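Tertiary structure, described
What follows is each chain in one-letter form.
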Amino acid sequence: MANRAYNFNAGPAALPLEVLQQAQEQFVEFDGTGMSIMEMSHRGKSYESVHFETEALLRELLNIPDGYKVLFLQGGASTQFAMVPMNLLSPGKVGAYVHTGNWASKAIKEAKMFGETAIAASSEADAFMRVPSVAELNIPENAAYLHLTSNETIGGTQWAEYPKLDSVPLVVDMSSDILCRPLNVSQFGLIYAGAQKNLGPSGVTIVILKEELIGKPSMPVPTMLQYATHAKSDSLYNTPPTFAIYMVNLTLKWIKKSGGAAAMERVNREKAELLYEAIDGSGGYYRGCAQPGSRSIMNVTFRLADEELEKRFVQQSEEAGFVGLKGHRDVGGLRASIYNAVPVDSVRALVAFMKDFKQRNG
Ligand SMILES: *Cc1c(COP(=O)(O)O)cnc(C)c1O
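Residues numbered from 1 in each chain as written. Predicted model: local features only at pLDDT ≥ 70, side-chain atom pairs only at ≥ 80, totals over all residues. Heavy atoms only, no water.

As recorded by an unreviewed UniProt entry, the protein carries the name Phosphoserine aminotransferase and is attributed to Cohnella pontilimi. Regarding the protein, the relevant UniProt record gives this comment under Sequence similarities (unreviewed entry): "Belongs to the class-V pyridoxal-phosphate-dependent aminotransferase family. SerC subfamily." (UniProt positions renumbered as here; feature names shortened; annotations may be inferred.)

Right, dumping it as structure tokens:
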């Protein structure tokens, strides 16, 4: 078997070995066509069947009801930070945002370029180490939508439960936790996620949106940045990122074979519990960053007594075959990203390493 690292990268991140091997098998010749999937027309039968099967798999795994469109776009989640306000804001309306940290702040910054924004809640006073409770939300009456970041990849916080809103569409950045657990899609107006954390490689962004939100934007918006353009043409208006979509297809098949969203959640919780137990049971040697009720099951952030010791931890972990444990440069500390494709065994190995490190450096 390949010599695989214990991969805790934050994104792009680990993919299932099985998916990589399958892609390798089909890399040069796809499905008896005499060419790679990368070499064929996106308007041909072979590619189209992958494209529409990928959509069908997403619909099945997330239980997406009728009345929602699934789009495969480019430009990453970062482009959605702009596309959301460009398409959904109009004069007299405000984009309401929950400020939970680094990614939320980027979404807010983009929205300000296109209209009025409001902060419906913020956890800045707690250094973004928690997500606000639903009761804290203060949504303006003229809100076009409420935007929140499902999982703050850098801080390591996650919404355990999403607000249920009647009057305002809920728009959620799920880049780092889509399909980590089952969802009730009908609760949302729009969901977006770059694929490179939980669903595949970089290059494709998934957007799931309610059809009634797709209309003519009230401001001038380039054709490529209108949801309507892609919704009308099933994400085939121009050349889609065909190889990335193919990789998402294989990853979704792997999720389905593994038992779907509920099975993902079970394993993700098991992995997160192993790590949080190792942190909490270390007698204060390791300290979790996120407040307990807001802890992410995707990105586990923690600290040691000082930066010197953290540096040593990163260095020694790398020597032991672990990758990606250094925290984001904005916040420092340590972070283990344990997305769907990270095996429980990698987490067990990390827990053993943490115990050993403590013993050697206690
Ligand atoms: C990684 C990430 C992004 C940025 O995604 P890109 O695809 O690189 O633009 C946005 N939001 C969250 C929550 C992320 O984790």
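Read on for the rest.
**Concerning the overall build of the protein**
When its secondary structure is counted, the protein shows nine helices and 14 strands. Taking 362 residues into account, the globule formula puts the C-alpha radius of gyration at 21 Å, and the protein, at 21 Å, falls close to it. Oriented by its inertia axes, the alpha-carbon framework of the protein measures out at about 60 × 55 × 30 Å. Counting the 362 residues in the protein, one finds 55% classified as buried. Long-range pairs, those at least 24 residues apart, make up 67% of the contacts in the protein with a sequence separation of at least 6. (Helix = DSSP H or I, 4+ residues; strand = E, 2+ residues; numbered from the N terminus. Rg over C-alpha atoms; globule rule 2.2 N^0.38 Å. Buried < 20%, exposed > 50% of the residue type's maximum accessible area, 1.4 Å probe, protein only. Contact = heavy atoms within 4.5 Å.)

**Notes on the state of the cysteines**
Applying the stated rule across the entire model yields zero disulfides. Cysteine Cys180 remains unbridged, with the sulfur of Cys289 as its closest cysteine sulfur at 19 Å. Judged by relative accessible area, Cys289 falls into the partly exposed class, the value being 24%. (Disulfide = S-S within 2.5 Å.)

**Brief notes about the pairing of strand E14 (residues 334-337)**
Residues of E14 alternate between two faces, with Leu334 and Ala336 on one and Arg335 and Ser337 on the opposite face, all of them buried. Bridge analysis of strand E12 (residues 299-303) against E14 gives four bridges, and the strand direction is antiparallel. The residue bridging Asn299 from the neighbouring strand is Ser337, located in E14. (Pairing = 2+ DSSP bridges.)

**Digging into the packing of helix H1 (residues 17-25) against helix H6 (residues 242-257)**
Between H1 and H6, the least distance of the axes is 9 Å, while the angle of their chain directions is 135°. Considering the angle they form, H1 stands oblique to H6. Every pair of crossing elements has a handedness; the one defined by H1 and H6 is right-handed. Between H1 and H6, the contacting residues are Glu18, Val19, Leu20, Gln22 and Ala23 on the first element and Tyr246, Met247, Leu250, Thr251, Trp254 and Lys257 on the second. (Axes fitted to C-alpha atoms, helices over the stretch in contact; angles between N-to-C directions. Parallel < 35°, antiparallel > 145°, perpendicular 65-115°, else oblique. Left-handed = near helix turned anticlockwise from the far one by under 90°.)

**Some details on the UniProt feature "binding site: L-glutamate" (unreviewed entry) in the protein**
When the UniProt feature table is mapped onto this chain, "binding site: L-glutamate" (unreviewed entry) is found at Arg43. In this view, Arg43 contacts Glu48, Leu236, Tyr237 and Asn238; residues no more than four positions away in its chain are not counted.

**Here we look at the site of the ligand**
Near the ligand there are 13 residues, and of these Ser78, Thr153, Asp173, Gln196 and Lys197 occur at the shortest range. At a separation of 3.1 Å, an oxygen atom of the ligand approaches a polar backbone atom of Ala77. Between an oxygen atom of the ligand and a side-chain N or O atom of Lys197, the distance comes to 2.7 Å. Across the complex, the protein chains shield 87% of the 390 Å² of accessible surface that the ligand would expose by itself. Classifying every residue of the shell around the ligand gives three nonpolar, eight polar and two charged. (Near = heavy atom within 4 Å. Polar contact = N/O pair within 3.5 Å; in protein donor to acceptor, adjacent residues only side chain to side chain. Areas by Shrake-Rupley, 256 points an atom, 1.4 Å probe, with all protein chains shown as cover. Nonpolar A, V, L, I, M, F, W, Y, C, P; charged D, E, K, R; others polar.)

**Comments concerning the domain arrangement of the protein**
Taken domain by domain, the protein consists of domain 1 (18-257) and domain 2 (260-361). Inter-centroid distance (C-alpha atoms) of domain 1 to domain 2 is 27 Å. Of the residues lining the interface, 25 residues belong to domain 1; the matching set on domain 2 comes to 24 residues. For the pair domain 1 and domain 2, the summed buried surface comes to about 2,000 Å²; carbon and sulfur atoms form 54% of the total. Of all residues in domain 1, the largest losses of buried area upon contact with domain 2 belong to Met129, Ile154 and Cys180, amounting jointly to 25% of the total for that side. One can count 15 residue pairs in polar contact (both at pLDDT 80 or more) joining domain 1 with domain 2. Of all the secondary-structure elements, those providing two or more residues to the side of domain 1 that touches domain 2 are strand E7 (157-158) and H6. If one sorts the elements of the side of domain 1 that touches domain 2 by residue count, H6 sits on top with three residues. (Domains from an automatic or database assignment. Buried area = accessible area lost by both parts, 1.4 Å probe.)

**Comments concerning the pattern of salt bridges**
By the definition in use, this model includes 12 salt bridges. Arg181 serves as the salt-bridge partner of Asp177, at 3.8 Å between the closest nitrogen and oxygen. By relative accessible area, which is 2% here, Asp177 ends up buried. Via salt bridges that share partners, Asp126, Arg130 and Glu136 belong to a single interconnected network. (Salt bridge = Lys/Arg side-chain N within 4 Å of Asp/Glu carboxyl O.)

**Description of the UniProt feature "modified residue: N6-(pyridoxal phosphate)lysine" (unreviewed entry) in the protein**
If you check UniProt for "modified residue: N6-(pyridoxal phosphate)lysine" (unreviewed entry), the listed places come out as Lys197 in our numbering. With respect to the helices, strands and loops of the structure, Lys197 is situated in the loop between strand E9 (190-194) and strand E10 (205-210). Those residues in contact with Lys197, other than ones at most four positions away along the chain, are Ala10, Gly11, Ala13, Ser175, Ser176 and Tyr339.

**Observations regarding the sheet that holds strand E5 (residues 143-149)**
Here seven strands make up an open sheet; going across it, the order is E2-E10-E9-E8-E5-E3-E4 and the pairing mixed. Edge positions in the open sheet fall to strand E2 (68-73) and strand E4 (116-122), since each of these has one partner strand only. Neighbour to neighbour, the strand axes of the sheet diverge by 20° on average, direction disregarded. Along the sheet face, helix H2 (residues 45-61) touches E2 and E10 and points at about 130° away from the line of E2.

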